[in-house]
Amino acid sequence: MRWKVTLVAEVESGQSIEHDIASVDRDDRITPATLGLSIAEGKAVLAAIQAQLVGDQVKRHGEVARHCLWCGRSQSSKGHYRSTFRSVFGNIPIRVRRFHACACRTDGPKTVPALLARRSPIAPELRYLTAKLAALMPFGKVADFLGEVLPLST
């Protein structure tokens, strides 16, 4: 039997995008070891979902943020910058679009604030887990443990 995991993004009503994430093959005769997902398979599925979700969200943000919040005009692009989003489900390289500020904003800054303030932004969940576990045990052991159970790149 083959199981397929597909991620469906509904961009607008009636318009959706499908991404094949993973497939898992199993024999019809099962054992406790082949029942469900293994840790490695679960990590791979979560990492693939996170990578696709983050990539699509950043791309969509670039499309939506192009329009000025105040007047609605299209803002010119300053290009992109590369960053890495660090999360519990893995490190995802992203390409973030930058914009010039709209002409209607004469009193403000000449550029739109970056989507991510840091070049290597960290998800709040990863920050929490790292801090919580580091308070209980040495950092090296925390990193090893999180690397075993989550698709985290240490």
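Scoring rules and cut-offs
- Residues numbered from 1 in each chain as written.
- Predicted model: local features only at pLDDT ≥ 70, side-chain atom pairs only at ≥ 80, totals over all residues.
- Heavy atoms only, no water.
- Helix = DSSP H or I, 4+ residues; strand = E, 2+ residues; numbered from the N terminus.
- Rg over C-alpha atoms; globule rule 2.2 N^0.38 Å.
- Buried < 20%, exposed > 50% of the residue type's maximum accessible area, 1.4 Å probe, protein only.
- Contact = heavy atoms within 4.5 Å.
- Areas by Shrake-Rupley, 256 points an atom, 1.4 Å probe, with all protein chains shown as cover.
- Lys, Arg positive; Asp, Glu negative; His and termini not counted.
- Charge placed at Lys NZ, Arg CZ, Asp CG, Glu CD.
- pLDDT = per-residue confidence, 0-100.
- Arc of directions from axis to C-beta.
- Salt bridge = Lys/Arg side-chain N within 4 Å of Asp/Glu carboxyl O.
- Core = buried A, V, L, I, M, F, W, Y, C linked by side-chain atoms within 4.5 Å.
- Pairing = 2+ DSSP bridges.
- 1 Å grid on protein atoms, 1.4 Å probe; cavity = no way out; pocket = protein on both sides within 12 Å on 5 of 7 lines; lining within 4 Å.
- Points joined across faces, edges and corners; volume = space filled by probe spheres on them.
- Nonpolar A, V, L, I, M, F, W, Y, C, P; charged D, E, K, R; others polar.

**Student:** Describe the overall build of the chain, naming the residues involved and giving the relevant values.
**Tutor:** If you tally the helices and strands in the chain, you get three helices and four strands. Starting at the N terminus and walking to the C terminus, you meet the elements of the chain as β-β-α-β-β-α-α. Taken against the 2.2 N^0.38 rule, which gives 15 Å for 154 residues, the C-alpha radius of gyration of the chain at 20 Å runs more than 25% over that of a compact globule. In terms of overall dimensions, the chain has C-alpha extents of about 65 × 45 × 20 Å along its principal axes. Every one of the 154 residues in the chain was classed for burial, and the buried ones make up 23%. Sequence-distant contacts, at least 24 apart, represent 48% of the contacts inside the chain between residues at least 6 apart. Of the roughly 10800 Å² of accessible surface on the chain, a fraction of 57% belongs to carbon and sulfur atoms. When the 22 basic and 14 acidic side-chain charges of the chain are each reduced to a single mean position, those positions are 13 Å apart.

**Student:** Any details on the confidence of the model for the chain? Residues and values, ideally.
**Tutor:** Confidence along the chain averages 85 in pLDDT terms, with 90% of residues attaining 70 or more. Here helix α3 (residues 139-149) stands out as the element of the chain with the lowest mean pLDDT, 81, in contrast to strand β2 (residues 15-25), whose mean of 93 is the highest.

**Student:** Outline α3, supporting the account with residue identities and numerical values.
**Tutor:** The set of residues buried in α3 consists of Val142, Ala143 and Leu146. Buried residues of α3 fall within an arc of 95° about the axis and therefore sit on the same side. Residues of α3 that are exposed and point over 90 degrees away from its buried face: Lys141, Asp144 and Glu148. In this fold, the buried residues of α3 make contact with α2 (124-136).

**Student:** Pulling in residues and values, what's your account of the pattern of salt bridges?
**Tutor:** Overall, the coordinates contain three salt bridges when judged by the stated rule. A salt bridge links Glu41 to Arg26; the nearest nitrogen and oxygen atoms lie 2.5 Å apart. With Glu41 in helix α1 (residues 39-64) and Arg26 in the loop between β2 and α1, the pair connects residues that are 15 residues apart, well separated along the chain. Close ionic contact of Arg60 with Glu63 constitutes a salt bridge, the shortest N to O distance being 3.5 Å. With Arg60 and Glu63 both in helix α1, this residue pair falls three residues apart, about one helical turn. Look at Glu63 and you get partly exposed, because its relative accessible area is 41%.

**Student:** I'd like a description of the nonpolar core, backed by residues and values.
**Tutor:** Residues Val54, Val58, Tyr81, Phe85, Ile92, Ile94, Val96 and Ala123 constitute the largest nonpolar core, which totals eight residues. If you list the elements that add at least two residues to this core, you get α1, β3 (77-87) and β4 (90-99). Examining the composition of this core, we find that three residues originate from one element, β4, more than from any other. With residues near it in sequence (within four places) discarded, Val54 still touches Phe85, Ile92 and Ile94.

**Student:** Break down the pairing of β3 for me, with residues and values.
**Tutor:** Across 10 bridges, β3 lies against β4 in antiparallel orientation. Bridge pairing in β4 links His80 to Arg97. Counted along the chain from β3 to the antiparallel partner β4, the turn is two residues long.

**Student:** Hey, could you go over the layout of surface pockets for me, with residue numbers and the actual values?
**Tutor:** Taken as a whole, the second largest pocket encloses approximately 270 Å³ of empty space. Taken together, Leu7, Val8, Ala9, Val11, Ile17, His19, Leu53, Asp56, Gln57, Lys59, Arg60 and Glu63 form the lining of the second largest pocket. For the lining of the second largest pocket, the secondary structure elements donating two or more residues are β1 (2-12), β2 and α1. When residues in the lining of the second largest pocket are grouped by element, the largest group, six residues, is from α1. Residues that form the lining of the second largest pocket fall into these classes: six nonpolar, two polar and four charged.

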